[in-house]
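Listed below are the residues making up each chain.
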Amino acid sequence: MARNSDFFQCEWIANPDPQWLKRQWMALEARAEPNLFLSWLWIGTWLDCFVDDYYVVLTRNDDTTVGLGIIVVKEKKLATLNVGRQFCLHRTGDPLMDQIWIEYNDFLLDSTVAALVRPLMTACVMANMKGTDTFVVGASEALDFLGYAVAETGTLAVNGVYGTDTLMVLADGSVVQPEREVVWDSTAYRLDFSPLREENQTLDRYLSRNARYQIKRSLKKYQALGTLKITTASSVTQGLHFFEHAAEYHLKRWGCSPHQSGFANPNFLHFHQELIRRGFPKGQVAIHHFQAGEHDLGVIYNFHYDHWVHFYLSALNYEAPAPCVNAKGNEEANGANGDRHLKPGLVAHYLLIEDAMAKGFAGYDFMGGQSRYKQTFANQTVGLSVYHYRFPHVVYAMKKVIRGLKRRVWSQSSSDCP
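Model, not experiment: these values are computed from the prediction. (Residues numbered from 1 in each chain as written. Predicted model: local features only at pLDDT ≥ 70, side-chain atom pairs only at ≥ 80, totals over all residues. Heavy atoms only, no water.)

Draft legend 1. Spotlight on the overall build of the chain. Looking only at helices and strands, the chain has eleven helices and 18 strands in total. Looking at the 418 residues of the chain, the share that counts as buried comes to 48%. Long-range contacts, defined here as pairs at least 24 residues apart, represent 69% of the contacts in the chain between residues at least 6 apart. In the structure as shown, the chain presents an accessible area of about 20,100 Å², 50% of it carried by carbon and sulfur atoms. (Helix = DSSP H or I, 4+ residues; strand = E, 2+ residues; numbered from the N terminus. Buried < 20%, exposed > 50% of the residue type's maximum accessible area, 1.4 Å probe, protein only. Contact = heavy atoms within 4.5 Å. Areas by Shrake-Rupley, 256 points an atom, 1.4 Å probe, with all protein chains shown as cover.)

Draft legend 2. Quick look at the confidence of the model for the chain. Averaged over all residues, the pLDDT of the chain is 86; the fraction at 70 or higher stands at 82%. Taken as a whole, residues 1–5 scores under 50 in pLDDT and shows 14 contacts with residues more than four places along the chain or in a different chain. (pLDDT = per-residue confidence, 0-100.)

Draft legend 3. Looking closely at helix α6 (residues 209–225). Relative to the 24 Å expected for 17 residues at 1.5 Å per residue, α6 spans 25 Å between its end C-alpha atoms, a close match to the ideal helical length. Residues of α6 that are buried: Ala-211, Gln-214, Ile-215, Ser-218, Leu-219, Lys-221, Tyr-222 and Leu-225. What you see down the axis of α6 is that its buried residues fit within an arc of 165 degrees, all on one side. Away from its buried face by more than 90 degrees, α6 exposes Arg-209, Tyr-213 and Lys-220. In the segment just after α6, Gly-226 is the residue with positive phi, at about 145 degrees. (Expected span 1.5 Å × (residues − 1). Arc of directions from axis to C-beta.)

Draft legend 4. Summary view of the side chain of His-289. Within the secondary structure, His-289 is located in strand β12 (residues 285–292). On the basis of relative accessible area, His-289 is assigned to the buried category, the value being 11%. Only 2.6 Å separates the side chain of His-289 from the side chain of Asp-296, close enough to count as a polar contact. Residues within four places of His-289 in sequence aside, it is in contact with Lys-229, Ile-230, Thr-231, Phe-242, His-245, Asp-296, Gly-298 and Val-299. (Polar contact = N/O pair within 3.5 Å; in protein donor to acceptor, adjacent residues only side chain to side chain.)

Draft legend 5. Focus on the pattern of salt bridges. Evaluation of the coordinates by the stated rule reveals 14 salt bridges. Residue Asp-48 is joined to Arg-278 by a salt bridge in which the shortest nitrogen-to-oxygen separation is 2.7 Å. Here the residue Asp-48 occupies a position in helix α2 (residues 40–50), and Arg-278 occupies one in helix α8 (residues 266–279), the gap between them amounting to 230 residues. Taking relative accessible area as the criterion, Asp-48 reaches 57% and is therefore assigned exposed. Since its relative accessible area comes to 27%, Arg-278 is described here as partly exposed. A salt bridge links Arg-85 to Asp-133; the shortest N-O distance between them is 2.7 Å. You can see Arg-85 sitting in strand β4 (residues 81–89) and its partner Asp-133 sitting in the loop between α3 (114–126) and β6 (134–141), a full 48 residues away along the chain. The network of salt bridges with shared partners includes Asp-48, Glu-274, Arg-277 and Arg-278. (Salt bridge = Lys/Arg side-chain N within 4 Å of Asp/Glu carboxyl O.)

Draft legend 6. Fine view of the packing of α6 against helix α9 (residues 344–358). One way to put it is that α6 packs onto α9 with a least axis distance of 9 Å and a crossing angle of 100 degrees. Between α6 and α9, the interaxial angle falls into the category roughly perpendicular. Across the interface between the two elements, Gln-214, Ile-215, Lys-216, Ser-218, Leu-219 and Tyr-222 of α6 pack against Pro-344, Leu-346, Val-347, Tyr-350 and Leu-351 of α9. When its residues are assigned to classes, the contact of α6 with α9 shows eight nonpolar, two polar and one charged. (Axes fitted to C-alpha atoms, helices over the stretch in contact; angles between N-to-C directions. Parallel < 35°, antiparallel > 145°, perpendicular 65-115°, else oblique. Nonpolar A, V, L, I, M, F, W, Y, C, P; charged D, E, K, R; others polar.)

Draft legend 7. Summary view of the pairing of strand β17 (residues 363–368). The buried fraction of β17 is high, at six of six residues. Where strand β10 (residues 179–192) lies against β17, five bridges are found, and the strand directions are antiparallel. In the strand pairing of β17, Asp-192 is matched with Gly-363. Alignment of strand β14 (residues 308–316) against β17, held across three bridges, turns out to be parallel. For Trp-308, the partnering residue across the bridge sits in β17 and is Gly-363. (Pairing = 2+ DSSP bridges.)

What follows is the structure, given as C-alpha cells:
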C-alpha cells in the first residue's frame, strides 16, 4: 500500500459492533503478513468463546485501516488488593483462558507500514494506562513494540500522548521512558522446505545420520506391530472424535490439573472444539490419528495456513507394546511396554513432513517449546517472548531492588560452596 500522507490516526474504541470488527479484520488480514494466530479463525473464535468486554485499537492512514488490535483489560490482584490493570493484547489475563496459548502475537498490521504503525498503536494503548498498569504482549517474536522513531513517521496524536523511540510525552506534559520486561521466553523451530527443494534434497538426505538411524529403527519396530497407518480426519465429526481421543494420552503425560494438561481445562476444550468446527471446513485444521496394526500410537493436531503446516499439539502413546524377536528371527508384538527405541513423536512428524513436502507445502512450523525432535528437523529458529510494557513506578523500582538482592545473595552463597 502506498502511503498518501505521513499522518496515522489511532482510535481507541470500546466494544464495537462485532460484525463491523469482523469485516475490518478480514479485510486487513488480506493485506497483512500471514499469521495463523492473527487470522479471523483464531481471533474470532477467541472472542466468541471468552471475551465480552474489550477495546479495539485501530490505526488509519487517510481512510484505509492499517492496524488493528484487541485489548482486554483485567484488574491485577495481590490477595484481595487491586494493584493495577493488565492491558492484554489478544489475551484475557486469565491463565485458564489463555492456556490456548497464542504465538507470534502482534497487532494485525498492513505489511507495507508495519514497522511504522506498531509503535504508534503501542503508544495508543499506553495512553490509556496509568500508575502500575501493564501492557502485556506475547508470545511474540523478538520485536520492540516501541522501537521505531516516531520522528520518521510523521505526526501522531493519541489522547495527548506522543510516542518516540524510547520516550513518551503524557497529557500532563511529563516525559517518561516506558520500561519493558521479558517475563517468559522460548524458541520456535521451523523447517522451511525451500532450501531442501533448491538443493533437490529429500527429507532423508537433509537429516543427520543419527536422526535417520533413530527414525528407521523406530519405524521398523512399529511396523513389526502391524501396518503403520495415518488416518487424517475427513469430517468435523471425526476431527472432534480424534481430539477427544487425544485427551487420555495428553492427561497421562502432562497431568490432570487444569494448569497442566489443557484437556483438564473446560475453557481449552470449548475453544478448540469450536475452532475445529470453524476451521475444518476451510481446510485449516488437520487432525491425524496414528496406528501400527491394531495398536494405537496417538494423535497429532495441526493447522494449515498460508501453505505452512503448524504443529499445535501431540498426544502420543509412549507405552505401545514392544516388539520381540520370534523363532524365525522376525520382530513381533510381545505385549510388553517401554521400548526406549520407540519414538512416536519423531516418527509421526517424519511421516507428516514427508507428506507435506509431497503436497507442496512451504514448510513445517513446530512453533514454541524446547524439544529434541524439533531441533532434529528444524533449519530455522525464532525467539519468542512475553513482554510487559509499563511506566516507571516506585512499586516496580522496589521489585528490581529485591530481585537484585536475591541475585546477590544467591551469587554469594554459590561462591561459598566448596
